[in-house]
Amino acid sequence: MSNAISVKNGAEFNGAVRVSDAGLKGMITLRGDLSSTKLAAAVQETTGLAIPSRREIVFKGETGIAWMSPDELLIFCAYEQAEMQVAALTETLTGSHFLAVNVSDARAQFSLHGAGVREVIAKGSPANLSPAVLNPHEIRRTRLGQVAVAFWLSADDRLELVCFRSVGAFVYDWLCIAAAKDSLPEVY
Amino acid sequence: MSTRLKNGGRMIDRTKPVDFMWNGRKLSGFKGDTLASALLANDQMLVGRSFKYHRPRGIMAAGPEEPNALVNLGSGDRFEPNQRTTTTELFQGLTAKSQNHWPSLEFDVGAVNKHLSRVFPAGFYYKTFMFPRFAWKHVFEPIVRQAAGLGNVPTDRDADRYEYFYHHVDILVIGGGIAGLAATLAAGRSGATVMLLEQTADFGGRAVVDGGEIDGKPVQEWVGDTVAALKELPNVTLRPRTMGAGVYDHGYATGYERVNDHVPGDGRPRHRLWRIRTKRIVTATGAIERPISFAGNDIPGVMLAGSVRDFMVNHGVSLGDRVVIATNNDDAYRTAIAVKTAGLQVPLVVDARETVTGELPEQARAMGIQIATGTAISSVKGGKRVTAVAITPQNGTGHVTDEIACDIVAMSGGWSPVVHLWSHCGGKLNWDAEQAMFRPDGLRPPFGADGQGFVLVAGTANGYLDMAKVLHDAVAAGKRAAEEAGFQPSDEAVPLVDTKAESPILPVWTMPQVQSAKLQMKTWLDFQNDVKVSDVRLAAREGYESVEHTKRYTTLGMATDQGKLSNINGLAILADSLNAEIPQVGTTTFRPPYHPISFGAIAGEARGDIFKVLRRSPIHDWIDQNGGFWEPVGDWRRPYCFQKPGESVKDAVHREINQTRNSVGLLDASTLGKIIVKGPDAGRFLDMLYTNMMSTLKVGRCRYGLMCTENGFLSDDGVVARLSEDTFVCHTTSGGSDRIHAWMEEWLQTEWWDWEVYTANVTEQFAQIAIVGPKARQVIEKMGLDGLDVSAEALPFMAFAEGKIADIPARAFRISFSGELSYEIAVPAARGQAFWEAALAAGAEFGISPYGTEALHVMRAEKGFIMIGDETDGTVIPQDLGLSWAISKKKDDFLGKRAQQRSHMTDPNRWRLVGLETVDPQVVLPDGAYAVDGTTRANGIKNMIGRVTSTYWSPTLKRSIAMGLVEHGPERMGDIIVFPTVTGEEIKTKIVDPVFYDKEGARQNV
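Residues numbered from 1 in each chain as written. Chains lettered and ligands numbered in written order. Predicted model: local features only at pLDDT ≥ 70, side-chain atom pairs only at ≥ 80, totals over all residues.

1. What about the overall build of chain B?
Piece 1. Within chain B, the secondary structure is distributed over 24 helices and 52 strands.
Piece 2. Considering only C-alpha atoms, chain B reaches an extent of 115 × 70 × 55 Å along its principal axes.
Piece 3. The buried share of chain B, taken over its 1006 residues, is 54%. (Helix = DSSP H or I, 4+ residues; strand = E, 2+ residues; numbered from the N terminus. Buried ≥ 20, exposed ≤ 12 C-beta atoms within 10 Å, placed from the backbone.)

Quick look at the structure:
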């Protein structure tokens, strides 16, 4: 896999916060009946994690699950593991109606680090990013400027943002401008 | 003359001089000045020329209501016209130039217009449209175009960046005067999150200027303490230099923050547009003083009385040595007292009221100030400055009884609450006859989604002019907002105020009460747009009864100030002219923004590289570095062709086609949509979406399909591959992937919600690279195969197989859009670049060359393949394109089936697809050209019988080829039809079969 490259190939920008290409991540779209015990068992077996509740994201090491919609989860794993996990889920769930598909290459992920990460994102997302409302463990599917994104806080000063690969370079440029030094309104 | 006083000026720092340039002259002010106060401190009374008559204009107000003192500010990439001097904070190195004059401010040729004012009456502009007919185009329009606009247009690209900020609070308070501060404190102490916006750099508003005591402290001290208390509250955000710009439905408001206009180029974004969601909005926006309509009220030196004391108290600027006050209310006496206290003269207070007995007038009398009651200004004397006023009885017709020398006239016609933000979303107003003002009707607020009012109004903006009542109202509004936002209101006490009793205002709409026609023509209502009392009366006589119509006809209240000074006076004159009451005439509509905001703020961050989203394929950077000549395709960029050094675009396209047809070419097809459709009902679902049968497709095979809308029109096309018994991948057009995915989900979620089908858009998961041409198989084999056999036997045409190519996991589809032997190979996007380079290396011995979209287009046209968007335009059905073979006769139903049976869809006269060969093979038909049959329609235009949909030079066939839709086309093979061109030529063209090349399909099936 040495010739697999992420969209900004490890680029990094230091401004009001640090913006970096998080590199290749394994991501699996799983659609199905989230209330079924069979699906919950398959997810548990593959990831070691329980199905998160509405708008929740859970992580254990590199493995994570995000609630995306009433019938959709996004499973995170190491990039190299994604195909195997899809195969494992498919095998376990055979016989029920579901869809498991590797979307690792369809995504770009960026990490923001610094005290102002909420304010950088609030320049483009209409979601409420105030500390009183957005906590770690909550994922927001929203937009950044003109582009669909999802993000969550992995710590109070760390934010992970996922977008489609084709707009990855655009989003990176956007984040670097929004994270320009001295440009945060400092309301949080 | 206006000058800096020896003392005073609470906002300026006299130890910090600030130099600036005015019309090329170096002047000096102090830190804390506005550009207006600094100009006045330098005796610069004349600051501009009026729009229509080029009359000399001075500074009239001290705040955002200023109509006259607009300047060209800055230079080069930080130049901006129409900047208000009264809201521009002075900074070192500021450059400003006055506007709307030639050759100079002091001597303006355009001023000749004022002598022509009889030929520029109300509605002059509209009258020029009417008569004489020829004159608009040849006479008036060129003149009006030349004269239009005040400032200059910037020529350089804006140097600054702008941005949005989305914010959510429980309560938004707009206006940082004492009412806004008190409301914020009352709301904030309840625990609600509160944001307070103040348009200037300082809190306190005009109460600080007007003086008095709150809670036993001078107002300024109370303001300082309150701001400090608010800063202590973690749930309260104070935002100075941020104007509440607009109020919109659903508790949405915008704030316009001027981040660094006072320190340009400090690296921060220049303006920030706050987009605020809130439960309740409290507008504490104060009031604006009204001018009085008397002749000569536009001469520099005639100012608002409140603004005269603003400049004195805030900036230590004296406007003149002899200040005449003209008033109809007690408040103006504060100015008389302030002027006298500063050691300057008040020769006379001209008060229209017969009896004047309030505390403030009595205080003025005690200071020795002379008050003339029942008196009016007949006219102001002077040209570029006031020299004197002529006095007359208010109830007379202008007979002059006295003339008094002075250099400033401070006028006050009463105060109008700033109701704009209350009204933006439909808050209603009542006319308060006693106070002569429109004020918000608390029972008719703008209503939110919960059926409750979501805007509250506080203080002077609510029509309270007395400080005690202002604070009482503000605290109540703050508590109510908190309660309505779901919080337990605080028990915040109302601050104690000892106020002065004021006598009632006398509504005065002209001075004197009955003006002669001559005086009316010198009495300005709208200073920015040169609208006079005579213009509004003329409009009324000409039948303009609606205030909205009168506004458009006379330009009253238009342009950058939107009538902040002129509206009430103008509609009062209109009411008087119509013999109607003021509330019957009503106000014009208040629309956001309250005050002009920059286009930069509206555009936000969207400029330069991030102006619009750009989707890039995994091969994008390589294409960019290797001669790719870009064209936009949806939000993607795709290479039209790859230019070699010195090569023309046309030559590059021809080279790419020849290379591909003769050997092998490479295409980045990653942008094609790829949607996974999976589930027990997937086959049934695709049978409904596509016109042809998909459920019978064998696993491992591909089928071309068409999708139509419910109305039968062709919407998208592409190849479907069956990955397993219950899983398909549907390819869509490059621009269609999101649309078709949404289309699928819509049907699944709204109509066929009980069908077991899941979809996923995996367009971007794969780089899809087509290796095309007679040598394609050799290239792929050379790249190295693992678990995959691409031979003709193992992988026949319209089949696919999976395995590894060049050690990269791959799915190879044997499909062809060029008519050649072709493999479209999907690999993980992150390895797309590696695959591309491996293909180039393996193909080097065959001269492999990447090709762009134009070569793709020409090759598909040579084969007669249609292109969505070329052969279709939303009105074309598959039957028009000879695609009946792809429409299943066996299926009960599919989307579009019923519509395609309608009479118009089965009409034999529909234009249908044919090939077109120009009689002269060197001539290429113009895109979109229409064919005519030589007859003329009833409406006089030529009868059209068809049009070109695709047209190219074919390097393969060495002649022009085209496709088009022609009436009865398929029945007219061999006929010659005529396409006229815009240059008048006629191109004779033969109708032929649309497949120009390799009709048998032998080349792709090897």
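And the narrative resumes.
2. Some thoughts on the interface of chain B and chain A
Bring the parts together and some accessible area is lost; that lost area is often taken as the interface size.
Piece 1. On the side of chain A, 38 residues touch chain B, which itself brings 38 residues to the contact.
Piece 2. Every element with two or more residues in the side of chain B that touches chain A is listed here: β9 (162-174), β36 (673-678), β40 (758-761) and α23 (832-843) of chain B.
Piece 3. The dominant element in the side of chain B that touches chain A, judged by the number of residues it contributes, is β9(B), at six residues.
Piece 4. When its residues are assigned to classes, the side of chain B that touches chain A shows 17 nonpolar, eight polar and 13 charged. (Contact = placed C-beta atoms within 7 Å. Nonpolar A, V, L, I, M, F, W, Y, C, P; charged D, E, K, R; others polar.)

3. Comments concerning the domain arrangement of chain A
Residue and element names in this part refer to chain A.
Piece 1. Under the domain assignment, chain A is made up of domain 1 (12-22 + 106-178) and domain 2 (26-105).
Piece 2. Of note, the centres of domain 1 and domain 2, computed from C-alpha atoms alone, are 23 Å apart.
Piece 3. In this assembly, eight residues from domain 1 lie in contact with 11 residues from domain 2.
Piece 4. Looking at the side of domain 1 that touches domain 2, its residues break down into three nonpolar, one polar and four charged. (Domains from an automatic or database assignment.)

4. Quick word on the pairing of β9(B)
All names here are of chain B.
Piece 1. Across the 13 residues of β9, 12 count as buried, placing the element largely inside the fold.
Piece 2. Pairing of β9 with strand β16 (residues 271-283), which is carried by 12 bridges, proceeds in the parallel orientation. Looking at the pairing, Ile171 lines up with Arg280 of β16.
Piece 3. As defined by bridge partners, β9 adjoins strand β10 (residues 194-197) across four bridges and the pair is classed as parallel. When the sheet's bridge partners are listed, Ile171 is paired in β10 with Val194. (Pairing = 2+ DSSP bridges.)

5. Focus on the environment of Glu502(B)
Residues and elements named next belong to chain B.
Piece 1. The residue Glu502 is located in the loop between α11 (467-484) and α12 (517-520) in this model.
Piece 2. Spatially, the C-alpha atoms of Glu502 and Leu360 are 7.4 Å apart, while their sequence positions differ by 142 residues.
Piece 3. Each residue touching Glu502, except ones within four places of it in the same chain, is listed here: Asp330, Gly358 and Leu360.

6. Brief notes about the packing of helix α13 (residues 533-541) of chain B against helix α14 (residues 547-554) of chain B
Residue and element names in this part refer to chain B.
Piece 1. At a minimum axis separation of 10 Å, α13 and α14 run at an interaxial angle of 125°. Considered as vectors, α13 and α14 are oriented oblique to each other. The way α13 lies across α14 gives a crossing that is right-handed. The residues of α14 that touch α13, namely those facing Asp535, Val536 and Ala539, are Thr550, Tyr553 and Thr554.
Piece 2. For the contact of α13 with α14, the residue count by class is three nonpolar, two polar and one charged. (Axes fitted to C-alpha atoms, helices over the stretch in contact; angles between N-to-C directions. Parallel < 35°, antiparallel > 145°, perpendicular 65-115°, else oblique. Left-handed = near helix turned anticlockwise from the far one by under 90°.)

7. Focus: the sheet that holds strand β37 (residues 702-708) of chain B
Residue and element names in this part refer to chain B.
Piece 1. A sheet is described by the order of its strands in space; here five strands give the open sequence β37-β38-β39-β36-β40, paired in antiparallel fashion. Taken across any chain shown, the strands that pair with only one partner, and hence form the sheet edges, are β37 and β40. Recorded for the sheet is a direction-independent mean angle of 25° between the axes of neighbouring strands.
Piece 2. Across four bridges, the pairing between strand β38 (residues 714-724) and strand β39 (residues 727-732) is antiparallel. When the sheet's bridge partners are listed, Val720 is paired in β39 with Cys730.
Piece 3. Sitting on the sheet, helix α20 (residues 682-689) is in contact with β36, β37, β38 and β39, with an inclination near 135° to β36.
Piece 4. Here helix α21 (residues 737-751) sits on the sheet and contacts β36, β37, β38, β39 and β40; the angle it forms with β36, its principal contact strand, is near 20°.

8. With respect to the pairing of strand β2 (residues 18-21) of chain A
Residue and element names in this part refer to chain A.
Piece 1. Residues Val19 and Asp21 line the buried face of β2, whereas the alternating positions Arg18 and Ser20 sit on a face that is not buried.
Piece 2. In this structure, strand β1 (residues 12-14) lies alongside β2, joined through three bridges in antiparallel fashion. Bridging across to β2, Phe13 finds its partner in Val19.
Piece 3. Here β1 folds back onto β2, and the loop between the two strands holds three residues.
Piece 4. Bridge count between β2 and strand β8 (residues 107-113): four bridges; the pairing is antiparallel. Residue pairing in the sheet places Asp21 in a bridge with Phe110 of β8.

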